[in-house]
Amino acid sequence: MPAKIYTEKDASLAPLKGKTCAVIGFGSQGHAHALNLKESGVNVIIGLYPGSKSRAVAEEKGLKVYDTAEAVKKADVIFVAVPDTKIPDVFNADIKPHLTKGKTLLFSHGFAIHFKTITVPADVNVIMVAPKGPGHIVRRQYTEGKGVPALIAIYQNADKQAKKIALAWAHGIGGTRGGVIETTFKEETETDLFGEQTVLCGGTSALVQAGFEVLVEAGYSPEMAYFECLHELKLIVDLMNESGIAGMRFSISETAKWGDVKVGPKIIDKSVKKRMKEALKDIQTGKFAKEWVRETKAGGYKKFNKLLKDGEKHPIEKTGARLRSLMPWIKKRDIKGQQASYS
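Throughout what follows, the structure given in this document is the object of discussion.

Criteria and cut-off values
All chains use their own residue numbering, which begins from 1 and follows the written sequence. Two thresholds apply to this predicted model, a pLDDT of at least 70 for residue-level local features and 80 or more for giving and counting side-chain atom pairs, whereas whole-chain, interface and lining totals are computed over all residues. Heavy atoms from the whole structure form the basis of all side-chain values; hydrogens and water molecules are not counted. The numbering of helices and of strands both runs from the N terminus, where a helix is a DSSP run of H or I of at least 4 residues and a strand a run of E of at least 2. We take the radius of gyration over the C-alpha atoms and set the globule estimate at 2.2 Å times the residue count to the 0.38 power. Throughout this description, buried means an accessible area under 20% of the type-specific maximum (1.4 Å probe, protein chains only), exposed means over 50%, and partly exposed covers the range between. In this description, contact between two residues means that some pair of their heavy atoms is separated by no more than 4.5 Å. Areas reported as accessible are Shrake-Rupley estimates using a 1.4 Å probe. Residue values count occlusion only from the protein chains shown. In this tally, Asp and Glu contribute negative charge and Lys and Arg positive charge; neither His nor the terminal groups of the chain are included. Charged side chains are reduced to one point each, which is NZ for Lys, CZ for Arg, CG for Asp and CD for Glu. The length a helix should cover is 1.5 Å for every residue beyond the first. Strand pairing requires that DSSP identify at least two bridges connecting the strands. Orient the strands so they point away from the viewer, and a crossover whose first-strand-to-second-strand path over the helix runs clockwise is right-handed. Side-chain rings of Phe, Tyr and Trp (the six-membered ring for Trp) are treated as a pair once their centres are within 6.5 Å; stacked means planes under 30 degrees apart, edge-to-face means over 60, and tilted covers the remaining angles. Only Lys NZ and Arg CZ are tested; either one counts as a charge over a ring when it is within 6 Å of the ring centre and within 35 degrees of the ring normal.

To continue, consider the overall build of the chain. For the chain, the count of helices and strands is 17 helices and 9 strands. Taken against the 2.2 N^0.38 rule, which gives 20 Å for 343 residues, the C-alpha radius of gyration of the chain at 22 Å falls within 12% of a compact globule. In terms of overall dimensions, the chain has C-alpha extents of about 65 × 45 × 45 Å along its principal axes. In the chain, buried positions account for 38% of the 343 residues. Considering only intrachain contacts with a sequence separation of at least 6, the fraction spanning at least 24 residues in the chain is 65%. For the chain, the exposed area adds up to about 19400 Å²; of that, 57% sits on carbon and sulfur atoms. Across the chain, the centroid of the 52 positively charged side chains sits 2 Å from that of the 38 negatively charged ones.

This is the structure we're talking about:
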């Protein structure tokens with residue numbers, strides 16, 4: 001049976017009227033939710049640690065900033081918008097001590113709740129509003145009068161108002177413009193991690209880099225390899241986004257279609273699907289979560305940071321930077337600055 005999709009007519013900001021909403025963190029999702037809600041007429045404050053570089057950015061955007069604990073005290077709805085592995089420390093030190101009966105705790109990803117890295121008092125609502133896109137796109141689409149589709153989920157419904165609050169929040173950030181679907185913390189967490197690892201981020205990044213390497217190693221220019229394996233990917237994904245895989249195939253040449261259906265399954269074959277299932281099992285059993293938490297605690301992000309730096313050194317990055325500099329319509333992004341300044 002198809003899932004019910006909630007739209008503009010199914011939600012309003014009424015459940016947030018008279019309430020103070022605190023966004024803890026001002027990164028990718030944090031800044032998008034805060035600014036979209038503020039422009040929707042919701043009373044929003046920001047909670048950050050004393051030395052956070054995001055303080056100046058948030059204040060520049062016209063938001064009141066408090067230390068995290070103070071923001072939680074003042075708020076009725078608290079959105080925890082800090083990285084998954086940092087949530088336990090922030091939650092136990094500055095959030096949990098000030099969670100009083102009737103407050104609502106909100107997440108945009110279910111990791112901390114599903115994998116039980118934190119324990120929440122039973123007398124508060126625990127909800128999720130998860131836009132299906134990065135925060136910078138959530139913000140951009142809202143300003144353009146559009147909206148990124150979102151998921152909502154209810155983990156604890158202490159005051160019987162949890163779903164109404166979740167829908168109101170989704171409405172305030174623009175989610176009901178694109179459509180909102182109700183799910184569970186378990187389903188969102190496991191499918192989200194799977195998508196990131198095997199298709200959207202991990203799978204796509206590895207596929208693009210491998211294709212680039214094969215062409216360059218065969219003697220073709222890095223510029224040609226970049227255009228064929230990375231630049232044009234957006235054009236193909238846009239077509240898929242607009243009308244599905246079949247619609248994309250309708251728009252490309254007969255030769256491209258033949259290469260798609262004949263060669264594609266040889267590249268992404270049954271062995272890939274088998275490894276995808278293995279990755280999903282690691283997510284479902286909690287193995288991935290435990291390894292990630294262990295990396296952030298014992299390793300101090302050592303392996304993680306090395307892998308990121310190795311990726312930045314890949315030849316495709318240098319080639320791409322030079323080619324993008326020739327296209328002034330592509331907005332220049334500072335990936336070394338604060339997340340909230342990126343958009």
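For helix 1 (residues 28-39), with 12 residues, the first-to-last C-alpha span of 17 Å sits near the 16 Å given by 1.5 Å per residue. Most of helix 1 sits inside the fold, with 10 of its 12 residues counted as buried. Residues of helix 1 that are buried: Ser28, Gln29, Gly30, His31, Ala32, His33, Ala34, Leu35, Asn36 and Leu37. Immediately downstream of helix 1, the backbone of Gly41 shows phi near 100°, a positive value.

What follows covers the pairing of strand 2 (residues 20-24). When you tally the buried positions in strand 2, you get 5 out of 5 residues, the bulk of the element. What you see with strand 2 is no split at all: Thr20, Ala22 and Ile24 on one side and Cys21 and Val23 on the other are buried throughout. With 5 bridges connecting them, strand 2 and strand 3 (residues 43-48) associate as parallel partners. Looking across to strand 3, one finds that Ile24 is bridged to Gly47. The parallel pair strand 2 and strand 3 is bridged by helix 1, and the resulting crossover is right-handed. In the sheet, strand 2 pairs with strand 5 (residues 77-80) via 4 bridges, with the strands oriented parallel. Opposite Val23, over in strand 5, you have Phe79 as the bridge partner.

To continue, consider the packing of aromatic side chains. One pair of aromatic rings is described through two measures. These are the centre distance and the angle between the planes. Applying the stated rule across the entire model yields 7 aromatic pairs. Judged by centre distance (5.8 Å) and plane angle (70°), the rings of Phe79 and Trp169 are edge-to-face. With Phe79 in strand 5 and Trp169 in helix 7 (residues 162-172), this pair connects stretches of sequence that are 90 residues apart. In this structure, Phe79 and Trp169 share a single accessibility class: buried. Taken together, a centroid distance of 5.7 Å and an interplanar angle of 50° make the contact between Tyr301 and Phe304 tilted. Three or more aromatic residues joined by ring pairs make a cluster, and in this case those are Trp292, Tyr301 and Phe304. Taking the ring centre of Tyr6 as reference, the NZ or CZ of Lys4 above it sits at 4.8 Å.

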